[in-house]
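Residue strings, one per chain:
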2 protein chains.
Amino acid sequence: MPSYTAPVRDVLFLLDEVLDFQSHAELPGFGEATPDLIEAILGEAAKFCEEALTPLNAVGDREGCTRSDDASVTTPKGFREAYATYRDNGWIALSMPEAYGGQGLPTTLNTIIQEFISGANLAWGMYPGLSQGAAAALAVHGSEEQKKLYLSKLAEGVWSGTMNLTEPHCGTDLGLIKSKAVPNGDGSYAITGQKIFISAGEHDFTDNIVHLVLARIEGAPEGTKGISLFVVPKFLPDENGEVGARNGVSCGALEEKMGIHGNATCVMNYDGATGWLVGEENRGLNAMFVMMNEARLAVGVQGLSQSEVAYQNAVAYARDRLQGRALSGPKNPDGPADPIIVHPDVRRTLMSIRAFNEAARALILWTALRSDISHRSPDKKAAQAADDHMGLMTPVIKGVFTDVGFDNTVAAQQMFGGHGYIEEWGMSQFVRDARITMIYEGANGIQALDLVGRKLPRDGGRAIMTFFNEVGTFLQENAEDADLAPLLGPLKTGADDLQKATMWFMNNALAKPDNAGAGSSDYMHLFGTVALGFMWARMARAARAALASGTGETEFYETKLTLARHFMERHMPETGLRLARISAGSDTVMGLDAAAF
Amino acid sequence: MPSYTAPVRDVLFLLDEVLDFQSHAELPGFGEATPDLIEAILGEAAKFCEEALTPLNAVGDREGCTRSDDASVTTPKGFREAYATYRDNGWIALSMPEAYGGQGLPTTLNTIIQEFISGANLAWGMYPGLSQGAAAALAVHGSEEQKKLYLSKLAEGVWSGTMNLTEPHCGTDLGLIKSKAVPNGDGSYAITGQKIFISAGEHDFTDNIVHLVLARIEGAPEGTKGISLFVVPKFLPDENGEVGARNGVSCGALEEKMGIHGNATCVMNYDGATGWLVGEENRGLNAMFVMMNEARLAVGVQGLSQSEVAYQNAVAYARDRLQGRALSGPKNPDGPADPIIVHPDVRRTLMSIRAFNEAARALILWTALRSDISHRSPDKKAAQAADDHMGLMTPVIKGVFTDVGFDNTVAAQQMFGGHGYIEEWGMSQFVRDARITMIYEGANGIQALDLVGRKLPRDGGRAIMTFFNEVGTFLQENAEDADLAPLLGPLKTGADDLQKATMWFMNNALAKPDNAGAGSSDYMHLFGTVALGFMWARMARAARAALASGTGETEFYETKLTLARHFMERHMPETGLRLARISAGSDTVMGLDAAAF
């Protein structure tokens, strides 16, 4: 059975030595997050994930969820109990607002724990993850009454949350939504329609489920400007939060999926269900975006998490499996064969996964920290810059981390040979589970369009210019460092390619938007490679500083330097390929009639 | 439910206009394969695959195989009947030797039909596919008596065949095989041991199953030089082929796999089973290699087949699904939205898959034709050159077609958004089925090592030099053609990169083999890209000739030209990245202690 160890040491390296987390102690909630507390929290979270959630991962895959004739849903054996422990220990409210029962700690810590949870058990982690998303939307757009009633229950973990966007005929294009809301005359609405692919739409974890639902108020304008957001509880609560009558919403069916079997993916039927407007009429998409951005970052973390756990198990297998001899002569001469970790192609595979994982973790924590700054800093300029960064990085993190994360689970599975294809070994589950992350919360092609069509040009390109300046400043500040030079050269080449690609769009896509569309996915990956390379440059600088200071953990830091070099030599050259593809434009792509495909 | 249309028109284009198949009419079996006969055969094969096999594909995935307590195995509903039709129509013996009941037609035709079958139903196709592999090994290494007894029955299709190599502790490293063979004193051997991952090891298609089994004769040398090949029938036949007593071999369990559920993947237990030596003592690996090379090409075809069927279904969905509007303005103004095939990123994805599929089909048919020449040509030099080509291309076709074929199923699944993740739509099955092709018959890392370590240096690099000459000659012959120039420039750059990479190995890997191992996988893909690009250049030349001759199928040929350009612009630039990675050598890859991973 696969195992999982939460990467606590690597996280502490990033917080303490790369991101200088403690320098933000003046921000609300950061003062409490002392190094000791962080270490204690991460240690406890790691223990829970490794011991309680990891063993349930295969169980969830095998058993899946079951819907009974009364439309109730039973989760896999042990899932409910693990949730009770998680709730009782207060994890869910770690970074929720203190006014509504949260602990107010930095979101960054929650992001770290999200990675641990997803690495241990992706399907399980989606249940509390969706509650956090729903809570985030209510915190920003809910009325005071809604926050007191729903947010507190979500923070307490006795109720859970969902997002209801997709309908059978509309996923990406939410303007096509048909679900309707008819005013009841008492301030509430009667919601009718069908939603599909609703994760955690029904289950047995909590006393109530709080559905956030997009629907169209009778008479609203067509398209995206006529969509409103509603809160629709499974059981109607009184003002004290005591649950009462069953609302007119129920799970019509569970989807049979490729993976994440432990999570209930529901068809949800709304049959005149009572709901209340969240935020303004016809501004539902706007309200939902809060939830979606949080969710997109969380999905990026999920991509990383599957890459990490798949890597760990592939390493264990590669150290254990004896097959063949090293090209440079036997390394295990007394055994029947050498462990396959002696083979360069096996090592190349493992190192490439790891070089991604560590840089991805750095990028997500850097971005999570900026999310905290954007929400908590009194310095408006700093908050704005942090928000710019987050907006720019959200599609990159979602799209690149899940594309590469999935590829990495496949590569890790490959290390097992035939055993990787047998369900018993668990590697197939990582592949099947990771696959959804490329699709949900906006398929990755949509992320690429969001990046190129919306995030790049926003505010005259302010966010991307800031990013180029940050990389440029780093290159300049370290230009004299001969030891870093072999890393900085490739980073500079990559950043130049990114600038060229950005310029190419400016020159070629304004008049012909198809040129942007045809290059969007390559641009997203080009951006990701440069951003990850920047992370490796920063990690390498930190590792060299630690080695120079005479730390005791020589191997830990030297491994970072080897991985940094590996990334620069083997991953950074991708930027040239991406630029070539982008510059090819849309001629061939748009050249065929639809019938000629 | 997914559909499948066998690409007959594209195959005829390749045979007639690109590969000049009819110019080989003087070879045995080729004279019979007139254009009319080929069209008739392919039409019938297409019909069988589309109508009989395609509807069974999802059934096989859902039902899987079942093992009863008596160790018998039941295949999914309809599988057995489809096999009976297939057998009765004589498909299995199409290119088997006439002396043993085959039809003696070119292997090339069989290869085409293998693609159709696998595209329609990969799991089903493995049953007859393994029979053909076993027949090929017996045809070369079996005694006359064995051929008369077993090969005839395999050709007739009343018995089926298997390959038994893998044991729990050994897959790639067959020198570790423990199964033993003890002489019975009557010319037969008692075989004892356990084999795993045996495809089609037990089923209900045929009266008997002919297992080809690797085992070690008592007292044989250790390692690969002490392994022999045995034929071990499930039921012991008399010399007339009448089946008698049950032999001591049985299916101990079925594996629960990620995909190809319709095929029975068996643990086979040999308990003093009676077997007969095939070929010489201790030369079993040699005999098995015949089977393995055939099988590896067939697996490459499987990779292509899944890419093709996934593409076809993604195109159908992209034409049908309405979501969003074209960047250049509505294309379906009267509908609620445009079909998603208007979006450049969707088109880019589809075109990249198709640009691979068509070139891959060209490369496999070119190689299959050369396989025929190597086996059938009386011209020894031509036969040798054809054999060189086949040896060189086998790992490229197996490794690249299955790596890219799998990626393409994932990309095609992505076009479906959330629906792609739901089993009901069938795209998940293509992904899960395609995944095995990267693993079995030698995991792709092994193919890369075979290419770099064995096929490249063999006979002083004769095969690769010949390939470079072929590409070079083509470039020279068409240098004056201004219309082809935009394609030939990128092809030349790619071929130059391949030459540089080959030189890099010569200069850096002889003294340090790890440098070859660390670059082997990138080299295999670099080679594949150049070979596929060469196919596009040849297809483009043929398409231009057809257009110049005033054919009626203008769109067909113009689509070829657009795809050729797409490949050169977006795929060929990969060679630079591969070369950069190869030239990075093995320093970082070998830099960490095994414990530091």
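Further up the page is the structure itself.
This write-up is about the structure you can find in this document. (Residues numbered from 1 in each chain as written. Chains lettered and ligands numbered in written order. Predicted model: local features only at pLDDT ≥ 70, side-chain atom pairs only at ≥ 80, totals over all residues. Heavy atoms only, no water.)

## Observations concerning the overall build of chain A
Counting its regular elements, chain A contains 16 helices and eleven strands. By the compact-globule yardstick of 25 Å for 597 residues, chain A fits well, its C-alpha radius of gyration being 24 Å. Considering only C-alpha atoms, chain A reaches an extent of 80 × 60 × 60 Å along its principal axes. Taking all 597 residues of chain A together, the buried fraction comes to 64%. Considering only contacts in chain A between residues 6 or more positions apart, those separated by 24 or more positions represent 74%. Carbon and sulfur atoms provide 51% of the accessible area of chain A, an area that totals close to 20700 Å². (Helix = DSSP H or I, 4+ residues; strand = E, 2+ residues; numbered from the N terminus. Rg over C-alpha atoms; globule rule 2.2 N^0.38 Å. Buried < 20%, exposed > 50% of the residue type's maximum accessible area, 1.4 Å probe, protein only. Contact = heavy atoms within 4.5 Å. Areas by Shrake-Rupley, 256 points an atom, 1.4 Å probe, with all protein chains shown as cover.)

## A few points about helix 3 (residues 79–88) of chain A
Spacing of three or four residues puts side chains on the same side of an α-helix, whose turn is 3.6 residues. Residue and element names in this part refer to chain A. When helix 3 is considered as a whole, its buried residues turn out to be Phe79, Ala82, Tyr83 and Tyr86. An end-on view of helix 3 places all buried positions within 100° of arc, on one side of the element. As for helix 3, its buried residues are in contact with helix 2 (35–63), helix 4 (107–120), helix 5 (122–141) and strand 3 (159–164). Gly90 lies just past helix 3 and shows a positive phi near 80°. (Arc of directions from axis to C-beta.)

## So, the side chain of Ser131(A)
Residues and elements named next belong to chain A. Here Ser131 is to be found in helix 5. For Ser131, a relative accessible area of 0% puts it in the buried group. Residues within four places of Ser131 in sequence aside, it is in contact with Ile92, Leu154, Trp159, Ser160 and Gly161.

## Looking at the pattern of salt bridges
All chains considered together, the criterion is met by 70 salt bridges over all chains. The partner of Arg9(A) in a salt bridge is Glu17(A), and the shortest N-O contact between them spans 3.9 Å. One continuous salt-bridge network, built from bridges that share partners, spans Asp522(A), Arg570(A), Glu574(A), Arg578(A), Arg581(A), Asp522(B), Arg570(B), Glu574(B), Arg578(B) and Arg581(B). (Salt bridge = Lys/Arg side-chain N within 4 Å of Asp/Glu carboxyl O.)

## Here we look at the pairing of strand 7 (residues 228–233) of chain A
Residues and elements named next belong to chain A. Here strand 7 lies mainly inside the structure; six of its six residues are buried. Burial along strand 7 is two-sided: the face carrying Ser228, Phe230 and Val232 and the face carrying Leu229, Val231 and Pro233 are both buried. Relative to strand 7, strand 6 (residues 208–217) runs antiparallel, the two sharing six bridges. Across the sheet, Leu212 pairs through a bridge with Val231, a residue of strand 7. (Pairing = 2+ DSSP bridges.)

## Quick look at the side chain of Ser160(B)
Residues and elements named next belong to chain B. Its location among the elements puts Ser160 in strand 3 (residues 159–164). Take Ser160: its relative accessible area is 4%, and that puts it in the buried class. A polar side-chain atom of Ser160 sits 3.5 Å from a polar atom in the side chain of Thr206. With sequence-adjacent residues up to four places away left out, Ser160 is seen in contact with Ser131, Leu154, His203, Thr206, Asn208, Ile209 and Val210. (Polar contact = N/O pair within 3.5 Å; in protein donor to acceptor, adjacent residues only side chain to side chain.)

## Things to note about the interface of chain B and chain A
Interfaces are often described in size by the accessible area the parts lose on coming together. Contact with chain B, which involves 88 residues of that partner, is made by 88 residues of chain A. Approximately 7900 Å² of surface area, both sides summed, lies buried where chain B meets chain A, with 59% of it carried by carbon and sulfur atoms. Across the contact surface, chain B and chain A share six salt bridges. The salt bridge partner of Asp587(A) is Arg565(B), with a shortest N-O separation of 3.5 Å. Counting across the chain B and chain A interface gives 54 residue pairs in polar contact (both at pLDDT 80 or more). Residue composition of the side of chain B that touches chain A, grouped by class: 40 nonpolar, 24 polar and 24 charged. (Buried area = accessible area lost by both parts, 1.4 Å probe. Nonpolar A, V, L, I, M, F, W, Y, C, P; charged D, E, K, R; others polar.)

## Structural notes on helix 13 (residues 485–508) of chain A
All names here are of chain A. Compared with the 34 Å implied by 1.5 Å per residue over 24 residues, the 34 Å span of helix 13 between its first and last C-alpha is a close match. Restricting attention to buried positions, one finds in helix 13 the residues Leu487, Leu488, Leu491, Gly494, Ala495, Asp497, Leu498, Ala501, Thr502, Trp504 and Phe505. Contacts from the buried residues of helix 13 go to helix 11 (444–455), helix 12 (458–477), helix 14 (513–548), helix 15 (554–570) and helix 16 (574–583). (Expected span 1.5 Å × (residues − 1).)

## Details of the packing of helix 2 of chain A against helix 3 of chain A
Residue and element names in this part refer to chain A. Packing of helix 2 against helix 3 brings their axes to within 10 Å, and their N-to-C directions diverge by 155°. As judged from the angle between their axes, helix 2 and helix 3 are roughly antiparallel. The handedness of the crossing between helix 2 and helix 3 comes out as left-handed. Between helix 2 and helix 3, the residues in contact are Phe48, Leu53, Leu56 and Gly60 and Phe79, Ala82, Thr85 and Tyr86, respectively. A breakdown of the residues in the contact of helix 2 with helix 3 according to their chemical character gives six nonpolar, two polar and no charged. (Axes fitted to C-alpha atoms, helices over the stretch in contact; angles between N-to-C directions. Parallel < 35°, antiparallel > 145°, perpendicular 65-115°, else oblique. Left-handed = near helix turned anticlockwise from the far one by under 90°.)

## Observations concerning the relation of the copies chain B and chain A
It takes a turn of 180° to lay chain B on chain A, together with a shift of 0.0 Å along the axis; the resulting RMSD is 0.0 Å. On this basis, the relationship between the two copies can be described by a two-fold rotation axis. For chain B, the smallest separation between a C-alpha atom and the rotation axis is recorded for Leu577(B), amounting to 3.4 Å. The fraction of interface residues of chain B whose copies in chain A are also interface residues reaches 100%, indicating that both copies meet through the same surface. (Least-squares fit on C-alpha atoms with pLDDT ≥ 70 in both.)

## Considering the layout of surface pockets
In this structure, the second largest pocket occupies an estimated 1200 Å³ of space. Every residue lining the second largest pocket is counted, 44 residues in all, and those nearest its centre are Glu256(A), His261(A), Glu256(B), His261(B) and Arg432(B). Put simply, the parts of the chain that give the lining of the second largest pocket at least two residues each are helix 2 and helix 10 (427–437) of chain A together with helix 2 (35–63) and helix 9 (427–437) of chain B. Considering each element in turn, the lining of the second largest pocket owes the most residues, four residues, to helix 2 of chain B. (1 Å grid on protein atoms, 1.4 Å probe; cavity = no way out; pocket = protein on both sides within 12 Å on 5 of 7 lines; lining within 4 Å. Points joined across faces, edges and corners; volume = space filled by probe spheres on them.)

## Considering the packing of aromatic side chains
All names here are of chain A. Enumeration according to the criterion identifies 49 aromatic pairs over all chains in this entry. Relative to Tyr557, the ring of Phe13 lies with its centre 5.9 Å away and its plane at 65°, an arrangement referred to as edge-to-face. On the criterion of sequence distance, the pair formed by Phe13 in helix 1 (residues 8–18) and Tyr557 in helix 15 is long-range, its members being 544 residues apart. The residues Phe13 and Tyr557 share a single accessibility class, namely buried. Their ring planes at 85° and their centres at 5.6 Å tell us that Phe474 and Phe534 sit as a pair that is edge-to-face. Highlighted residues: Phe474 in helix 12 and Phe534 in helix 14, separated in sequence by 60 residues. Like Phe534, Phe474 is buried. Each residue in the set Trp366, Phe467, Phe468, Phe474, Trp504, Phe505, Tyr523, Phe527 and Phe534 is aromatic and connected to the rest through ring pairs, giving one cluster. (Phe/Tyr/Trp six-rings, centres within 6.5 Å; stacked < 30°, edge-to-face > 60°.)

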